[in-house]
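Residues per chain, in single letters:
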2 protein chains.
Amino acid sequence: MKIELAENYGFCFGVKRAIKIAEENTNAATYGPLIHNSKEIARLDKDYNVGLVEDFKTFQPGDKAIVRTHGIVKDELQQLKENGIEVVDATCPFVTKPQEIAQEMSEAGYDVVIFGDDSHPEIKGVKSYATNGAVVVTSVEELEDVKFNERIALIAQTTRKVEDYMSIANYLIPRYKEVRVFNTICNATFENQDAVRNLSKQADVMIVIGGKNSSNTKQLFNISRENCQESYHIEDESELNNGWFREKKHCGVTAGASTPDWIIQNVINSIKKSID
Amino acid sequence: MKIELAENYGFCFGVKRAIKIAEENTNAATYGPLIHNSKEIARLDKDYNVGLVEDFKTFQPGDKAIVRTHGIVKDELQQLKENGIEVVDATCPFVTKPQEIAQEMSEAGYDVVIFGDDSHPEIKGVKSYATNGAVVVTSVEELEDVKFNERIALIAQTTRKVEDYMSIANYLIPRYKEVRVFNTICNATFENQDAVRNLSKQADVMIVIGGKNSSNTKQLFNISRENCQESYHIEDESELNNGWFREKKHCGVTAGASTPDWIIQNVINSIKKSID
């Protein structure tokens, strides 16, 4: 039986990359939680001695600081470097991009508008790169009292819904000479859904891994079952049933956004064993 | 009695400017109709010897060619100059702007998309400035089979409705990395409407000049009457009635988009005489 992973599954590209970076940089500490998954953070601490520091002033010269996927504020990054701390950047490239755009547009004289949550680490970081400041909003109403110059650069938090982003763009475009709309939204969730849709059309059994309460995993499972009747939603390998794979030719595997790769690998190994 | 013209009325800025240029350049010919008003074109021919040439090859070295408000194709402009013809540019600055944007964006590697009518002189002109070509569309459907690169510059015909323009922007933005939306729509019609609204709130008698069948003039008249009961819609000074101005303190005047200034001036002069 062929076992095939969905083209996109589980952790997004940026999270996978950050974990790889953390594993390659033992005896370090992340500044802020590397990702939003405590099991993974505990594993990195236990297996790789990669700890967690909440205040960047805690770092001492010679320490190794891993920058979290969400990125950090520009000044803090600079201070870490100036203080002789070895900085390993695990900022997701999809977050680095809006940081660069914010800086470039601000320097080019555009008014920078960020659609996102002012208190979120990602947005604190992106905003800090807008040399001449940026206006952060979550709704059109918040723009109504703001008067910009002629040219606006519009940037979105990576995890926002594109429909909501468009409402901001629709408000600004008719009111200003030029609105440069940067599509900085990352479609990881939708990519996982597209991928399970494709895979479940080909497979004759589908394993969907993720928390039973996980909303995005349930969505993946529902999409899978539409195309492949023998779809199973499990949390880990202990729930596998050998009978599911009898006389099957093609087993598809996917996982929700909060499922670490090592749990997925454990599941795949168990499936392989059961068909030996 | 105070006689006050609306802040915006009649011919738009670009048309007024073009006529002034034509009047200042006697013994010339416009390449294509200078504006879409035959009375005005006949007047310019009669009073200023500014004729009309339909084929640019008709111009001979030493001739003076006036470029129409809608602009012309870049190559033809260049050929006129190369052929020793004196070129006087009456292109509306609101049309020159999208021409410049098309060239700049095309040279900067953007895919240029123009929302407008491919057969309209303005759009033929703007498109010709996009060094690497441009896609001209009037609807989202026309975009569905086109695949662009990552970065798009979006330009609109000056006379399009902003709501329609937004539907094009809304289609493109979620699909590409960057969409630079240039608000090249000219709001002259809406400016006339805003201006008559403001003026009719202050005046105690309103004169709205324009063709009885002119849709935009009727709109101006309706707005005027909402705020000033004594609003009158006339085509020229022959329809004025002295009684309208008796015991009035403030007479507002506006005109539809197809009404030349000289008709408006005749009306104002007649009102002045009637209150002497």
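Engineer: It is not clear to me how the relation of the copies chain B and chain A should be interpreted in this structure. Could you clarify?
Structural biologist: Superposition of the two copies of the chain requires a rotation about an axis together with a shift along that axis. Note on the identical chains: chain B maps onto chain A by a rotation of 179 degrees and an axial translation of 0.0 Å, with an RMSD of 0.1 Å. Classification of the inter-copy transformation places it as that of a two-fold axis. The position closest to the rotation axis in chain B is occupied by the C-alpha of Arg 180 of chain B, lying 2.1 Å away. A share of 100% of interface residues in chain B that are also interface residues in chain A marks the association as one of identical surfaces.

Engineer: Can you walk me through the interface of chain B and chain A in this structure?
Structural biologist: Where interface size is given, it is often the accessible area lost as the parts come together that is meant. Taken together, the contacts link 16 residues of chain B with 16 residues of chain A. A per-residue breakdown of the area chain B buries against chain A is headed by Met 166, Ile 173 and Asn 183 of chain B, which together make up 35% of the total. Remark: the boundary between chain B and chain A carries two salt bridges. Of the charged contacts, one joins Arg 180 of chain A and Glu 178 of chain B as a salt bridge, the two residues approaching to 2.7 Å between their closest N and O atoms. Inspection of the chain B/chain A interface yields 15 residue pairs in polar contact (both at pLDDT 80 or more). Sorting the residues of the side of chain B that touches chain A by element identifies α6 (162–172) and β9 (178–182) of chain B as the ones contributing at least two each. Counting residues per element, the side of chain B that touches chain A draws most heavily on β9 of chain B, which supplies five residues.

Engineer: What exactly am I supposed to notice about a negative patch on the surface here?
Structural biologist: A contiguous patch of negative charge on the surface is contributed by Glu 141, Glu 142, Glu 144 and Asp 145 of chain A. With respect to the helices and strands, Glu 142 of chain A occurs in the loop between β7 (134–137) and β8 (151–156).

Engineer: Help me understand the pattern of salt bridges, please; the structure alone is not making it clear to me.
Structural biologist: Side chains carrying opposite charge are able to pair once their charged atoms draw close together. Residue and element names in this part refer to chain B. The final tally for this structure, using the stated rule, is 20 salt bridges over all chains. Close ionic contact of Glu 24 with Lys 20 constitutes a salt bridge, the shortest N to O distance being 3.3 Å. Here Glu 24 and its partner Lys 20 are both found in helix α1 (residues 13–24), four residues apart, which amounts to about one turn of the helix. Note on Glu 24: relative accessible area 52%, which makes it exposed. Glu 230 is the salt-bridge partner of Lys 248, the closest N and O atoms lying 3.2 Å from each other. Remark: Glu 230 occurs in the loop between α8 (215–227) and β11 (231–234) and Lys 248 occurs in the loop between β11 and β12 (250–255); sequence separation between them is 18 residues.

Engineer: Please clarify how the sheet that holds strand β4 (residues 64–67) of chain A should be interpreted in this entry.
Structural biologist: Strand pairing within a sheet occurs via backbone hydrogen bonds; the two strands may be parallel or antiparallel. Residues and elements named next belong to chain A. Read from one edge of the open sheet, four strands run β3-β2-β4-β5, paired in parallel fashion. Each edge of the open sheet carries a strand with a single partner, namely β3 (50–53) and β5 (86–89). Each strand axis lies, on average, 35 degrees off the axis of its neighbour in the sheet, ignoring direction. Across four bridges, β4 lies against β5 in parallel orientation. For Ile 66, the partnering residue across the bridge sits in β5 and is Val 88.

Engineer: Explain the packing of aromatic side chains here, please?
Structural biologist: To describe a pair of aromatic rings, you give the distance between the ring centres and the angle between the ring planes. All told, the structure shown has 14 aromatic pairs over all chains when counted by the stated rule. Here Tyr 31 of chain B and Phe 56 of chain B contribute two aromatic rings whose centre-to-centre distance is 5.9 Å and whose plane-to-plane angle is 55 degrees, an arrangement assigned as tilted. Placement of the pair is Tyr 31 of chain B in strand β2 (residues 28–31) and Phe 56 of chain B in the loop between β3 (50–53) and β4 (64–67), with a sequence separation of 25 residues. Exposure class is identical for Tyr 31 of chain B and Phe 56 of chain B. Each is buried. Within the aromatic cluster, the residues linked to one another by ring pairs are Tyr 31, Phe 56 and Phe 59 of chain A. Here the basic side chain of Arg 151 of chain B rests over the ring of Tyr 110 of chain B, its NZ or CZ set 4.1 Å away from the ring centre.

Engineer: Just checking my understanding: could you explain unusual backbone geometry for this structure?
Structural biologist: In the Ramachandran plot, Asn 49 of chain A falls in the positive-phi region, its phi being about 55 degrees despite a non-glycine side chain. With respect to the element layout, Asn 49 of chain A can be found in the loop between α2 (38–48) and β3. Judged by relative accessible area, Asn 49 of chain A falls into the partly exposed class, the value being 42%. With a phi close to 60 degrees, Glu 247 of chain B is a non-glycine residue in the positive phi region. By the element assignment, Glu 247 of chain B lies in the loop between β11 and β12. Since its relative accessible area comes to 80%, Glu 247 of chain B is described here as exposed.

Engineer: Honestly, the nonpolar core in this entry has me stumped. Any pointers?
Structural biologist: Soluble globular proteins tend to pack their nonpolar side chains together in the buried interior. Judged by nonpolar contacts, the single largest core of 40 residues is most densely connected at Leu 172 of chain A together with Leu 172 of chain B. Those elements that place two or more of their residues in this core are β6 (111–115), β8, α6 (162–172) and β9 (178–182) of chain A together with β6 (111–115), β8 (151–156), α6 and β9 of chain B.

Thresholds, definitions, all that
- Residues numbered from 1 in each chain as written.
- Chains lettered and ligands numbered in written order.
- Predicted model: local features only at pLDDT ≥ 70, side-chain atom pairs only at ≥ 80, totals over all residues.
- Heavy atoms only, no water.
- Least-squares fit on C-alpha atoms with pLDDT ≥ 70 in both.
- Contact = heavy atoms within 4.5 Å.
- Buried area = accessible area lost by both parts, 1.4 Å probe.
- Salt bridge = Lys/Arg side-chain N within 4 Å of Asp/Glu carboxyl O.
- Polar contact = N/O pair within 3.5 Å; in protein donor to acceptor, adjacent residues only side chain to side chain.
- Helix = DSSP H or I, 4+ residues; strand = E, 2+ residues; numbered from the N terminus.
- Patch = residues over 30% accessible without salt bridge, like charges linked within 9 Å, V, L, I, M, F, W, Y side chains within 5 Å.
- Areas by Shrake-Rupley, 256 points an atom, 1.4 Å probe, with all protein chains shown as cover.
- Lys, Arg positive; Asp, Glu negative; His and termini not counted.
- Charge placed at Lys NZ, Arg CZ, Asp CG, Glu CD.
- Buried < 20%, exposed > 50% of the residue type's maximum accessible area, 1.4 Å probe, protein only.
- Pairing = 2+ DSSP bridges.
- Axes fitted to C-alpha atoms, helices over the stretch in contact; angles between N-to-C directions.
- Phe/Tyr/Trp six-rings, centres within 6.5 Å; stacked < 30°, edge-to-face > 60°.
- Lys NZ or Arg CZ within 6 Å of the ring centre and 35° of its normal.
- Core = buried A, V, L, I, M, F, W, Y, C linked by side-chain atoms within 4.5 Å.

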